[in-house]
Amino acid sequence: MPATGAMTNKTVLDRYLALPQGERVQALYIWIDGTGEGLRSKTKTLEEVPKSVADLPIWNYDGSSTYQAQGSNSDTYLHPVKIYPDPFRGGNNIMVMCDTYKYNKEPTDTNQRKACLEAMQKAKEEHPWFGIEQEYTLLDNDGHPFGWPKNGFPGPQGPYYCGVGAGRVYGRDIVEAHYRCCLYAGIRISGTNAEVMPAQWEFQVGPTEGIDMGDDLWVSRYLLERVAEDFGVVVSLDPKPVVGDWNGAGAHTNFSTDAMRKEGGMQAIEAAIERLAKHQVRHIKAYDPKEGKDNERRLTGAHETSSIHDFSAGVANRGCSIRIPREVAEQGYGYLEDRRPSS
């Protein structure tokens, strides 16, 4: 991470973005790199506005520079999967979420979308809905939490969650800009709030059905990084960015099927929790790119988390692996919240 930010005057860019571009369109291809958490992008010019994903060409890039290929055989391929309006360039310009494939047409090691899509297609009759609460932390370019004293710490946690005021909330401009970008791009963002630790925020995406949740979440993360870039601020998705008596960052996942959302759905919710309990280790390995090593710093049983070593469920209990919201328990149907996934 650089010690200082290389900042430019963003208002100067406006005069160039206002220039007419004719019928041609800029398409920003976005993909997940070999770390499983980093995002990359590059832009291709199209001769006309595409009517659908089928109109977009497969493109390639240097996979050896994204931890996805060897230099001796570096061509890696971008397969477009979803189109979004581009809030940075406006007009007919677009962003394109992509799958990544190796030279032999096999998915790259961090292409989890292919397997996810297959699973969603098998479960399509269940109409699975997802709502993900994406927590993140804003940092200065030196890696210090944004707005924190350089030679100390802010006051203890308590006044910051959903707070207001310059002494309690840091970086709201970034949050508001990101929110509007998501709305422009057609992402089903459903809310945002300041979190328990100062400089930590959350936005929620969903409820969205099937594979659209993954696409929308990754593009919303890309938008967050781009917005923060404009403000000269770094976004961290580390699940425990500050050691000590500070909350970590998760991606609490709210999930339901058609059966869960109907009257009497509590039976289906309880059955799902029983199945989840049988695969604790496998799920923990899937819930962060380091197979649980990052999340281990967060899931300690403190700071509104369960222990990474135990599985638990409860009503309105934020110290459990799986939380059943109180209103769901009272009405007898709805959804469950898996609180284990890391940010």
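The coordinates are above.
Residues numbered from 1 in each chain as written. Predicted model: local features only at pLDDT ≥ 70, side-chain atom pairs only at ≥ 80, totals over all residues. Heavy atoms only, no water.

Undergrad: What's the story with the sheet that holds strand β4 (residues 75–85) in this structure? I'm lost.
TA: Whenever strands of a sheet pair, they do so through backbone hydrogen bonds, lying parallel or antiparallel. The mixed open sheet is built from five strands, whose spatial order is β2-β1-β5-β4-β3. Of all strands in the sheet, those bounded by a partner on one side alone are β2 (39–46) and β3 (59–62). With strand direction ignored, the average angle separating the axes of adjacent strands in the sheet is 40°. Judged from the eight bridges that link them, β4 and strand β5 (residues 94–101) form a sheet pairing that is antiparallel. Counted as the bridge partner of Pro 80 is Cys 98 from β5. (Pairing = 2+ DSSP bridges. Helix = DSSP H or I, 4+ residues; strand = E, 2+ residues; numbered from the N terminus. Axes fitted to C-alpha atoms, helices over the stretch in contact; angles between N-to-C directions.)

Undergrad: Hey, could you run me through the nonpolar core in this one?
TA: Buried together is how nonpolar side chains tend to be arranged in soluble globular proteins. Core analysis: the largest hydrophobic core is formed by 36 residues, its most contacted members being Met 95, Tyr 136, Ile 187 and Leu 223. Elements supplying a minimum of two residues to this core: β1 (25–32), β5, β6 (129–139), α3 (172–185), β7 (189–194), β8 (200–209) and α4 (212–231). Among the elements that take part in this core, α4 stands out by supplying nine residues, more than any other. Not counting chain neighbours up to four residues away, the residues in contact with Leu 223 comprise Pro 87, Phe 88, Met 95, His 178, Cys 181, Cys 182, Ala 185 and Ile 187. Core analysis: the second largest hydrophobic core is formed by 12 residues, Trp 31, Trp 59, Tyr 61 and Ile 94 among them. (Core = buried A, V, L, I, M, F, W, Y, C linked by side-chain atoms within 4.5 Å. Buried < 20%, exposed > 50% of the residue type's maximum accessible area, 1.4 Å probe, protein only. Contact = heavy atoms within 4.5 Å.)

Undergrad: Honestly, a nonpolar patch on the surface in this entry has me stumped. Any pointers?
TA: Taken together, the side chains of Val 12, Leu 13, Tyr 16, Leu 17 and Leu 19 present a nonpolar region at the surface, about 450 Å² in accessible area. Along the polypeptide, Leu 13 turns up in helix α1 (residues 10–17). For Leu 13, a relative accessible area of 44% corresponds to the partly exposed category. (Patch = residues over 30% accessible without salt bridge, like charges linked within 9 Å, V, L, I, M, F, W, Y side chains within 5 Å. Areas by Shrake-Rupley, 256 points an atom, 1.4 Å probe, with all protein chains shown as cover. Salt bridge = Lys/Arg side-chain N within 4 Å of Asp/Glu carboxyl O.)

Undergrad: Quick question: what am I supposed to make of the packing of α3 against α4 here?
TA: Two measures define how a pair of helices packs: the angle their axes make with one another and the distance between the axes. Their axes nearest at 9 Å, the elements α3 and α4 cross at an angle of 135°. Viewed along their axes, α3 and α4 adopt a mutual orientation that is oblique. At the point where α3 passes α4, the crossing takes the right-handed sense. Of the residues in α4, those in contact with Asp 173, Ile 174, Ala 177, His 178, Cys 181, Cys 182 and Ala 185 of α3 are Ser 220, Leu 223, Leu 224, Val 227, Ala 228 and Phe 231. Tallied by class, the residues present in the contact of α3 with α4 amount to 10 nonpolar, two polar and one charged. (Parallel < 35°, antiparallel > 145°, perpendicular 65-115°, else oblique. Left-handed = near helix turned anticlockwise from the far one by under 90°. Nonpolar A, V, L, I, M, F, W, Y, C, P; charged D, E, K, R; others polar.)

Undergrad: Would you take a moment to explain the side chain of Ser 342 for this structure?
TA: If you trace the backbone, Ser 342 turns up in the segment after β13 (336–338). Taking relative accessible area as the criterion, Ser 342 reaches 10% and is therefore assigned buried. Of the polar contacts made by the side chain of Ser 342, one reaches the backbone oxygen of Tyr 287; its length is 2.8 Å. Apart from the residues within four sequence positions on either side, Ser 342 is in contact with Pro 239, Ala 249, Gly 250, Ala 251, Tyr 287, Asp 288, Asn 295 and Arg 298. (Polar contact = N/O pair within 3.5 Å; in protein donor to acceptor, adjacent residues only side chain to side chain.)

Undergrad: What exactly am I supposed to notice about helix α6 (residues 266–277) here?
TA: An ideal rise of 1.5 Å per residue puts 16 Å on 12 residues; α6 measures up with 16 Å between its terminal C-alpha atoms. Those residues of α6 not exposed but buried are Met 266, Ile 269, Ala 272, Ile 273 and Leu 276. In a view along the axis of α6, the buried residues occupy a sector of 120°, so they form one face of it. Exposed residues on α6 whose side chains face more than 90 degrees from its buried face are Gln 267, Glu 274 and Arg 275. Contacts from the buried residues of α6 go to α5 (258–261), α7 (280–286), β11 (313–315), β12 (322–324), α8 (326–331) and β13. (Expected span 1.5 Å × (residues − 1). Arc of directions from axis to C-beta.)

Undergrad: Can you walk me through unusual backbone geometry in this structure?
TA: When glycine is set aside, most residues are seen to have a negative phi, and most peptide bonds are trans. For the bond running from Gly 206 to Pro 207, omega is 0°, close enough to zero to count as cis. By the secondary structure assignment, Pro 207 is in strand β8. Look at Tyr 67: it is not a glycine, yet its phi comes out positive at around 65°. Mapped onto the fold, Tyr 67 is located in the loop between β3 and β4. One non-glycine residue, Ala 199, adopts positive backbone phi at about 80°. Mapped onto the fold, Ala 199 is located in the loop between β7 and β8.

Undergrad: Is there a simple way to explain the environment of Ser 343 in this structure?
TA: With respect to the helices, strands and loops of the structure, Ser 343 is situated in the segment after β13. In this structure Ser 343 comes out as buried when scored by relative accessible area, which is 7%. For Ser 343, the residues in contact, after removing those within four places along its chain, are Gln 134, Glu 135, Arg 221, Leu 237, Asp 238, Pro 239, Ala 249, Gly 250 and Ala 251. One polar contact links the side chain of Ser 343 to the main-chain carbonyl oxygen of Leu 237, over a distance of 2.4 Å. From its side chain, Ser 343 meets the backbone oxygen of Ala 249 in a polar contact 3.2 Å long.

Undergrad: Would you explain the packing of aromatic side chains in this entry?
TA: Two descriptors summarise a pair of aromatic rings, namely the distance from one centre to the other and the angle between the planes of the rings. Counting across every chain of the model gives seven aromatic pairs. Ring plane angle 50° and centroid distance 5.1 Å describe the contact between Phe 130 and Phe 255, whose orientation is recorded as tilted. Taken together, the positions of Phe 130 in strand β6 and Phe 255 in strand β10 (residues 251–256) put the pair 125 residues apart, joining distant regions of the chain. Judged by its relative accessible area of 15%, Phe 130 falls in the buried class. Connected via pairs of aromatic rings, a cluster forms that spans Trp 148, Phe 153 and Trp 246. The ring of Trp 218 has Arg 221 sitting right over it, with the charged end atom 4.6 Å from the ring centre. (Phe/Tyr/Trp six-rings, centres within 6.5 Å; stacked < 30°, edge-to-face > 60°. Lys NZ or Arg CZ within 6 Å of the ring centre and 35° of its normal.)

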